[in-house]
Amino acid sequence: MSDTIDLRGKWRFQTDPEDAGVRETWYKKRLTGTISLPGSMVSNHLGDEITVNTPWTGGIEDSSWFRKPEYARYRQPGHIKVPFWLQPEKYYKGVAWYQVDVSIPAAWQRKAVELFIERAHWTTAVYIDDKLIGTENSLGTPHQYVVLKGLSAGWHRLSIRVDNRINEINVGQNSHSISDHTQGNWNGMVGRIYLAAKPVCFIKDVQLYPDIDRKQVLARVVLEHNRQSGKKARLTLQAVSAQSKVALPVVTKNSAGPLSDTIDVIYPMGAHPELWSEHHPNLYTMRISLASDAGRDVRLVHFGMRKFSSEGTQFRINGHPTMLRGTLDCAAFPLTGYPPTDLFSWLQILRTCKAFGLNHIRFHSWCPPEAAFEAGDKLGFYFQVECSSWANQGAVIGDSAPLDKYIWRESKKIVEAYGNHPSFCLMDYGNEPAGKNMTRYLTSFVKYWQAKDPRHLYTSGSGWPIIAEADYNSTPDPRIQHWGEGINSIINAQKPSTDYDWSAIISKWQHPTVSHEIGQWCVYPDFKEISKYKGVFKAHNFEIFRDQLAANGLSGYEAQFLNSSGKLQILCYKADIEAALRTKGFGGFQLLGLEDFPGQGTALVGVLNAFYQPKSYITAATYSRFCNDVVPLARFPKMTYFNDDVLNVPVEVSQFSEHVLKGVCPNWVITDATGKAIFSGQFGKSNIAEGNGISLGIIKADLKSVTEPSELTLTVNVGRYANNWQFFVYPRDVKQSESEIIITDRLTDDIAAQLNKGAKVLLTLKKGSLKDEYGGNIAIGFSSIFWNTAWTHGQAPETLGILCDPRHSAFKYFPTKGYSDYQWWDAMTHSSPIMLDSVAEGLNPIVRVIDDWVKARSLSLLFECRVGQGKLMVTGIDLLTNMAARPEAKQLAYSLENYMKSDGFKPKTTIELSRIRALYNTAD
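Think of each chain on its own: its residues are numbered from 1, step by step along the sequence as written. Reporting of local features is limited, given that this is a predicted model, to residues whose pLDDT is at least 70; pairs of side-chain atoms are given and counted only at 80 or more, and all residues count toward the totals for whole chains, interfaces and linings. Note that the side-chain values use all heavy atoms of the structure and ignore hydrogens as well as water.

Engineer: Would you mind going over the overall build of the protein in detail, with residue names and values included?
Structural biologist: The number of helices and strands found in the protein is 13 helices and 48 strands. Throughout, the radius of gyration refers to the C-alpha atoms, and the reference size of a globule is 2.2 Å times the residue count to the power 0.38. Taken against the 2.2 N^0.38 rule, which gives 29 Å for 924 residues, the C-alpha radius of gyration of the protein at 32 Å falls within 12% of a compact globule. Out of the 924 residues belonging to the protein, those deemed buried represent 62%. Put simply, of all contacts in the protein between residues at least 6 apart along the chain, 74% involve residues at least 24 apart. We count a stretch as a helix when DSSP gives it H or I for four or more residues in a row; a strand needs E for two or more, and each element gets its number in order from the N terminus. Partly exposed residues are those whose accessible area sits between 20% and 50% of the maximum for their type, while under 20% is buried and over 50% is exposed, using a 1.4 Å probe and protein chains only. Here a residue-residue contact requires only that any non-hydrogen atoms of the pair lie within 4.5 Å.

Engineer: Can you lay out the sheet that holds strand β34 (residues 646-655) for me, pointing to particular residues and giving the numbers?
Structural biologist: Paired strands, in this sense, are two strands between which DSSP finds at least two bridges. The strand order across the open sheet formed by 3 strands is β32-β34-β39, and the pairing between neighbours is antiparallel. Here the strands that pair on one side only, and so sit at the sheet edges, are β32 (630-634) and β39 (691-702). Each neighbouring strand pair of the sheet contributes to a mean axis angle of 20°, computed without reference to strand direction. Here 9 bridges tie β34 to β39, and the two strands are oriented antiparallel to one another. Each bridged residue has a counterpart across the sheet, and for P650 the counterpart in β39 is I698. Throughout, an axis means a line fitted to C-alpha atoms (over the contacting stretch in the case of helices), and angles, computed between N-to-C directions, take values from 0 to 180 degrees. Where helix α8 (residues 558-582) meets the sheet, its contacts fall on β32, β34 and β39, and the angle it forms with β32 comes to roughly 95°.

Engineer: So what about the nonpolar core? Which residues, and what values?
Structural biologist: Note on terminology: a nonpolar core comprises buried Ala, Val, Leu, Ile, Met, Phe, Trp, Tyr and Cys residues joined through side-chain atoms within 4.5 Å. Judged by nonpolar contacts, the single largest core of 196 residues is most densely connected at Y623, F636, L647, L714, F727 and W824. Ranked by the residues each element gives to this core, the list is headed by α8, at 12 residues. The contact partners of L714, leaving out residues within four places of it in the chain, are A634, F636, W668, V669, I670, I699, N723, N724, W725 and F727. Counting residues in each nonpolar core, the second largest holds 30 residues, with L7, M41, Y92 and A197 among its members.

Engineer: Outline the packing of aromatic side chains, supporting the account with residue identities and numerical values.
Structural biologist: Stacked, edge-to-face and tilted labels apply to pairs of Phe, Tyr and Trp rings (six-membered ring for Trp) whose centres lie within 6.5 Å, assigned for plane angles under 30 degrees, over 60, and everything in between, in that order. Summed over all chains, the structure comprises 55 aromatic pairs. Judged by centre distance (5.4 Å) and plane angle (65°), the rings of W56 and W85 are edge-to-face. Linking W56 in the loop between β4 (39-40) and β5 (87-88) with W85 in the loop between β4 and β5, this pair joins segments that are 29 residues apart in sequence. The exposure classification of W56 matches that of W85, with both residues buried. Counting every residue linked through ring pairs, the aromatic cluster contains F333, W346, F363, W366, F373, F383, Y418 and F424. Both a distance and an angle decide whether a charge sits over a ring: NZ of Lys or CZ of Arg must be within 6 Å of the ring centre and within 35 degrees of the ring normal. Against the face of W26 rests K29, its NZ or CZ located 4.5 Å from the ring centre. Looking at R848, its charged tip hangs above the ring of Y557, at a distance of 4.5 Å from the centre.

Engineer: Can you lay out helix α3 (residues 402-418) for me, pointing to particular residues and giving the numbers?
Structural biologist: Side chains that are three or four residues apart share a direction in an α-helix, a result of its 3.6 residues per turn. Expected helix span is given by 1.5 Å per residue-to-residue step, counting one fewer step than there are residues. Here α3 spans 24 Å end to end across 17 residues, near enough to the 24 Å set by a 1.5 Å rise per residue. Residues of α3 that are buried: L403, D404, Y406, I407, E410, S411, I414, V415 and Y418. One face of α3 carries all of its buried residues, which in axial projection span an arc of 160°. On its buried face, α3 is in contact with β7 (112-121), β13 (202-211), α2 (370-379), β25 (382-389), β26 (424-430) and α4 (438-452). Arc definition: directions from the helix axis to the C-beta atoms.

Engineer: Could you give me a rundown of helix α12 (residues 887-901), with the residues and numbers involved?
Structural biologist: Its 15 residues place the ends of α12 21 Å apart at the C-alpha level, agreeing with the 21 Å of an ideal helix rising 1.5 Å per residue. Burial of α12 is extensive: 12 of the 15 residues sit out of reach of the surface. All buried positions along α12 are accounted for by P887, E888, A889, Q891, L892, A893, Y894, S895, L896, E897, Y899 and M900.

Engineer: Describe the pattern of salt bridges, listing the residues and the values that go with them.
Structural biologist: Whenever a carboxyl oxygen of Asp or Glu lies within 4 Å of a side-chain nitrogen of Lys or Arg, that contact is scored as a salt bridge. Tallied over the full model, the rule gives 44 salt bridges. Two residues, R157 and D130, come together in a salt bridge whose shortest N-O distance is 3.3 Å. With R157 in strand β11 (residues 154-163) and D130 in the loop between β8 (123-128) and β9 (131-136), this residue pair connects regions lying 27 residues apart in the sequence. Across the pair E224 and K204 runs a salt bridge, and its minimum N-O distance is 3.7 Å. Linking E224 in strand β14 (residues 216-224) with K204 in strand β13, this pair joins segments that are 20 residues apart in sequence. Linked through salt bridges whose partners overlap, the residues forming this network are D19, R161, D163 and R165.

Engineer: How would you summarise unusual backbone geometry if you had to cite specific residues and measurements?
Structural biologist: Cis geometry is adopted by the peptide bond preceding G593, which originates at L592 and carries an omega value of -10°. As for its position among the elements, G593 is in the loop between β31 (588-592) and α9 (620-623). Residue P797 is reached from A796 by a cis peptide bond, and omega for that bond is -5°. Among the secondary structure elements, P797 is positioned in the loop between β43 (760-764) and β44 (799-804). Within the chain, S388 stands out as a residue other than glycine whose phi angle is a positive 70°.

Engineer: Help me get a handle on the sheet that holds strand β21 (residues 314-317), residues and values and all.
Structural biologist: Across the sheet, 3 strands lie side by side as β20-β21-β22; this open sheet has antiparallel pairing. In this open sheet, the two edge strands, each paired with only one partner strand, are β20 (308-311) and β22 (320-322). The mean inter-strand angle of the sheet, taken between neighbouring strand axes irrespective of direction, is 45°. Sheet topology note: the β21/β22 ladder contains 3 bridges and is antiparallel. Residue pairing in the sheet places F315 in a bridge with T322 of β22.

Engineer: Kindly report on the side chain of R12, identifying the contributing residues and their values.
Structural biologist: Locating R12 in the fold gives a position in strand β2 (residues 9-16). A distance of 3.1 Å separates a polar atom in the side chain of R12 from a polar atom in the side chain of D101. Contacts described as polar in this section are N or O atom pairs within 3.5 Å, which, within protein, must combine one atom able to donate a hydrogen with one able to accept it, while residues neighboring in sequence count only if both atoms come from side chains.

Engineer: Describe empty space enclosed by the protein, naming the residues involved and giving the relevant values.
Structural biologist: In this analysis a 1.4 Å probe is tested at points of a 1 Å grid over the protein atoms alone, and where it fits but cannot get out there is a cavity; an open set with protein on both sides within 12 Å along at least five of seven lines is a pocket; lining residues have an atom within 4 Å of a point. Grid points are joined across faces, edges and corners, and a volume is the space filled by probe spheres set on the points. Scanning the model with the defined rule gives 10 cavities of 30 Å³ or more in all. In this structure, the largest cavity spans a volume of roughly 150 Å³. Considering the residues around the largest cavity, the lining is formed by 16 residues, among which D62, P83, F84, G601 and A790 are closest to the centre. Residues were grouped as follows: Ala, Val, Leu, Ile, Met, Phe, Trp, Tyr, Cys and Pro as nonpolar; Asp, Glu, Lys and Arg as charged; and all remaining residues, including Gly, as polar. Taken together, the residues of the lining of the largest cavity break down into 9 nonpolar, 5 polar and 2 charged.

Engineer: Give a description of the layout of surface pockets that names residues and reports values.
Structural biologist: Within this model, the second largest pocket holds a volume of roughly 480 Å³. Considering the residues around the second largest pocket, the lining is formed by 26 residues, among which I570, L571, K574, N724 and Q726 are closest to the centre. Sorting the residues of the lining of the second largest pocket by element identifies α8 and β41 (721-730) as the ones contributing at least two each. A total of 7 residues in the lining of the second largest pocket trace back to one element, the largest contributor, which is α8. When its residues are assigned to classes, the lining of the second largest pocket shows 11 nonpolar, 7 polar and 8 charged.

Engineer: Describe in detail the pairing of β44, supporting the description with residues and values.
Structural biologist: Along a regular strand, successive side chains alternate from one face of the sheet to the other. Of all 6 residues in β44, 6 are buried; the element is thus mostly enclosed. Bridging between β44 and strand β46 (residues 847-851) involves 4 bridges; their strand directions are antiparallel. Each residue of the ladder has a partner; that of I802, found in β46, is V849.

Have a look at this one:
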């Protein structure tokens with residue numbers, strides 16, 4: 001007869017909003033409702049209707065939805081739509097009771113009985129018949145209850161009370177283990193749910209500690225038994241390779257007397273154990289068998305022979321240097337609202353991450369289920385696991401709150417449950433802590449785990465604080481845009497280049513540094529995604545944004561906004577990732593993120609959507625050119641050149657393939673817009689060692705043969721790996737004929753008179769001269785939006801780059817694609833976007849600025865019109881100030897001027913002069 005009773009299926013159910021069930025002994029009565037498990041209340045269409053008073057779990061930084069008239073229609077009963085996050089069909093926060101009747105076989109008598117709930121959300125109390133068996137409150141591990149004395153044969157009533165409120169233990173309302181920003185604060189039980197019979201002497205826990213240097217494993221086996229029984233037992237271990245199916249010798253340990261609680265066994269792994277890493281995810285299965293007078297108990301444990309360590313400022317895997325190329329998983333699962341517990345789902349997620357060049361995932365303030373670790377083991381991923389907490393914004397760590405003890409318990413449960421998995425490489429308490437005594441507390445946390453379990457590396461918290469005792473740092477210092485930095489960041493305030501790195505930052509520390517939550521670069525919403533939300537969550541936030549776009553007369557631009565902002569997003573991520581790869585001895589980076597973050601005001605920061613599907617403007621093949629185990633890198637001192645310059649670009653490689661690249665002959669080629677090679681060369685044949693900052697040579701090219709304004713592409717090949725960069729070359733001497741174009745920063749009476757009589761005028765507005773009500777107060781910069789404007793309170797930039805038609809004659813001498821590249825950096829940093837509707841309705845600009853999706857205003861940097869008998873070009877870009885030091889501005893002005901002199905300059909829209917003059921401040 002089976003030793004397991006599967007509890008999946010229909011259960012009786014009842015909500016307990018007044019929390020009266022314990023007092024009124026609901027476990028003694030038969031509940032009347034029904035629910036299907038595994039599942040949640042929401043997945044069973046149970047709970048309360050969403051209203052303006054729904055008691056969400058999670059901070060709302062921008063609360064304007066509750067009061068602004070433009071959101072009034074989304075606050076109507078029965079038609080609620082919120083912009084903060086994905087919206088569940090129903091919502092319930094409180095106590096709910098789950099109940100089922102179970103028949104215990106006669107064969108189970110005199111056996112211990114275990115109740116296993118793979119994942120509950122979150123606090124459970126278990127009653128069998130009229131008796132409380134116990135309580136559990138882990139967010140990151142299974143809830144397991146053992147009745148050592150067993151159960152009598154026959155029917156028993158199993159009642160489980162589940163409470164998803166934040167009570168005395170406050171892990172932080174924004175913790176991704178509980179927050180509505182991500183998976184949602186669901187109430188239920190998912191994954192495996194079963195009863196199992198065990199001998200009264202059984203294996204309680206097994207922890208395997210691989211030692212690749214000694215080619216052995218320390219097996220620590222913890223037993224549960226009656227200490228007074230005095231029974232002898234035999235413990236047998238055997239490892240089998242999952243790849244070669246080779247079985248290693250059996251090791252047996254007999255107890256000569258009463259059993260110990262813990263038995264240590266050294267298990268030899270042979271002369272050539274198969275090692276585990278990202279490149280060779282070799283696995284073993286250890287079979288542990290306990291035979292005693294009480295019966296036989298068997299445990300199968302999967303493990304890998306690996307050593308994840310650090311040396312100096314770099315991580316090592318089995319002695320080889322490695323760099324973490326990571327993203328965050330923030331527990332967003334739109335279809336179910338809870339994390340998957342099946343292997344197939346996690347293999348899909350991790351295979352996608354691997355295709356995009358990643359080898360690492362940080363689980364932000366939550367711990368995934370067993371299946372995630374199994375998938376990580378199979379595919380070779382390095383996991384950073386956190387203890388279910390983001391102790392900030394209403395929560396603290398280290399100040400003697402109940403959370404302090406909870407983190408100790410949670411960390412021990414996590415290590416016990418998942419510590420054998422080779423993918424489990426790093427751990428900290430959780431995310432971005434607060435508390436006046438947090439440093440002292442977290443230092444103790446790190447030192448405890450370093451001494452207790454050497455299989456993993458430990459740090460204090462993700463983001464901060466940095467402590468000398470940690471195995472590695474997690475800090476936001478090394479990245480190209482910091483929180484609150486706005487347009488003063490590297491990518492917005494410094495002229496484009498690819499020659500900076502984080503060496504000066506990491507030189508302060510003696511251990512590895514991992515850059516915390518880099519990127520956060522937004523893209524426009526893909527409204528086609530709305531139809532994908534067929535599960536418990538609906539993308540009503542996307543519907544609000546789509547409505548706003550339509551209200552501003554911009555329906556039809558969705559695909560163009562998505563594609564053009566996406567191309568800028570990729571450029572920003574490439575800059576962030578390559579800076580990390582250029583930093584010699586760097587520990588690694590953690591993107592926020594490879595996939596979208598659905599909460600915190602909607603942070604569309606992913607090149608993947610919330611379903612881990614690539615967006616239309618990117619492929620894994622393109623992304624993995626600059627994010628991979630081997631990446632060629634070019635250190636451009638600038639991205640724009642004159643044709644009397646000599647290109648001088650050092651080239652290097654980041655090489656973490658776990659072996660020397662032998663006999664490689666790196667080469668390079670520079671091509672024009674047609675793909676024609678105009679320069680090429682190769683570096684000497686060599687063996688390329690492991691590591692980064694490895695110089696390949698210097699690319700030199702005299703650009704005098706580039707006689708036309710050009711966008712060129714440098715491609716560097718290292719074996720089967722390639723990377724590329726666009727840069728721009730303009731003629732030094734622009735041949736200007738007698739100009740019939742009047743270029744001015746204001747329409748004086750004299751210029752206005754000439755314009756009315758038929759003159760051609762280029763009105764170029766100095767930055768700061770555009771009135772606020774016409775766009776002067778819109779924070780523009782080169783980069784994409786950082787995170788989003790709602791959660792950052794409007795941090796600059798609040799735009800998503802440009803959209804233009806590259807075939808337009810205005811760009812004949814200013815090569816561009818339909819989106820922002822580095823040749824637009826100067827224009828974006830010397831401009832203000834003009835609100836087109838304030839000038840004329842339906843005005844179709846030459847260069848459009850893509851606005852934040854929340855406001856979705858019609859913005860422009862360049863448009864043309866008729867004024868009187870004349871023709872006017874208006875630009876929000878300053879094309880007059882310091883032009884000698886601004887080659888891109890000089891070239892753009894030249895291209896516009898030539899267009900305005902051509903027969904193609906035929907503006908269709910007529911605008912009153914007063915409307916144009918109203919745009920800008922006239923005072924000096």
